[in-house]
Amino acid sequence: MSCQQMSYCPKCDNIWPPRAHHCSVCKWCVLWMDHHCPWVGNCVGYDNIKFFLAFVWWAAVGTGSEAVTYITFYWNWIDDIWYIYVPCAMFSLALMISLSALYIYQFVNFINSVTTLEIDNFSKENNPFDLGVWKNLCLVLGSDFYCWLLPTRP
């Protein structure tokens, strides 16, 4: 690539590779940036997308199991404070549904090799970064299928 084809970030004056975006919160450029997540306090991008997906997956599983526990306690009338279990179960179910929707949205984006910031730029037919579902999954999650939901480097 010649110097004329190189692009520079106008905000931090660093080399700007393809698919990088400048985060206005972190004040640096992030490769394959998806979004800045206030829940993890960092940008979600190429270096940590697997950890973010695992975090959202296990948070959805945890809130789902919590909802099942509250519903079980309510159903079996374990003690006299059943009125506490109903709102807790409803809150856990709502959180599980929203986390599951976020996970599905992010997972579909990454099997199509597109980030949230790029979703308007590429269609399914004209995405030059799409390598196919399996290669996109391996790029993000690693080639070891049994480690996909574990917090390990791909």
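Preceding this paragraph is the structure being described.
What counts, and where the lines are drawn
Residues numbered from 1 in each chain as written. Predicted model: local features only at pLDDT ≥ 70, side-chain atom pairs only at ≥ 80, totals over all residues. Heavy atoms only, no water. Helix = DSSP H or I, 4+ residues; strand = E, 2+ residues; numbered from the N terminus. Rg over C-alpha atoms; globule rule 2.2 N^0.38 Å. Contact = heavy atoms within 4.5 Å. Areas by Shrake-Rupley, 256 points an atom, 1.4 Å probe, with all protein chains shown as cover. Expected span 1.5 Å × (residues − 1). Buried < 20%, exposed > 50% of the residue type's maximum accessible area, 1.4 Å probe, protein only.

## As for the overall build of the protein
Here comes step 1: Summing up its helical and strand segments, the protein has three helices and four strands in all.
Here comes step 2: Order of helices (α) and strands (β) in the protein, N terminus to C terminus: β-β-β-β-α-α-α.
Here comes step 3: What you see for the protein is a C-alpha radius of gyration of 20 Å, clearly larger than the 15 Å of a compact globule of 154 residues, by over 25%.
Here comes step 4: Taken over the C-alpha atoms alone, the protein extends approximately 75 × 35 × 30 Å along its principal axes.
Here comes step 5: Pairs at least 24 apart in sequence give 41% of the contacts found in the protein among residues at least 6 apart.
Here comes step 6: When the accessible area of the protein is evaluated, it comes to approximately 10000 Å², of which 67% is carbon and sulfur surface.

## Examining helix α1 (residues 49–76)
Here comes step 1: A rise of 1.5 Å per residue sets the reference length of α1, with its 28 residues, at 40 Å; its end C-alpha atoms lie 40 Å apart and thus fit the reference within 8%.
Here comes step 2: Taken residue by residue, α1 has Ile49, Lys50, Phe52, Leu53, Ala54, Val56, Ala60, Thr63, Gly64 and Ala67 as its buried positions.

## Description of the side chain of Thr115
Here comes step 1: By the secondary structure assignment, Thr115 is in the loop between α2 (82–111) and α3 (133–141).
Here comes step 2: Residue class for Thr115 comes out buried when judged on its relative accessible area of 0%.
Here comes step 3: Setting aside chain neighbours within four positions, we find Thr115 in contact with Arg19, Trp32, Met33, Asp34, Asn109 and Phe110.

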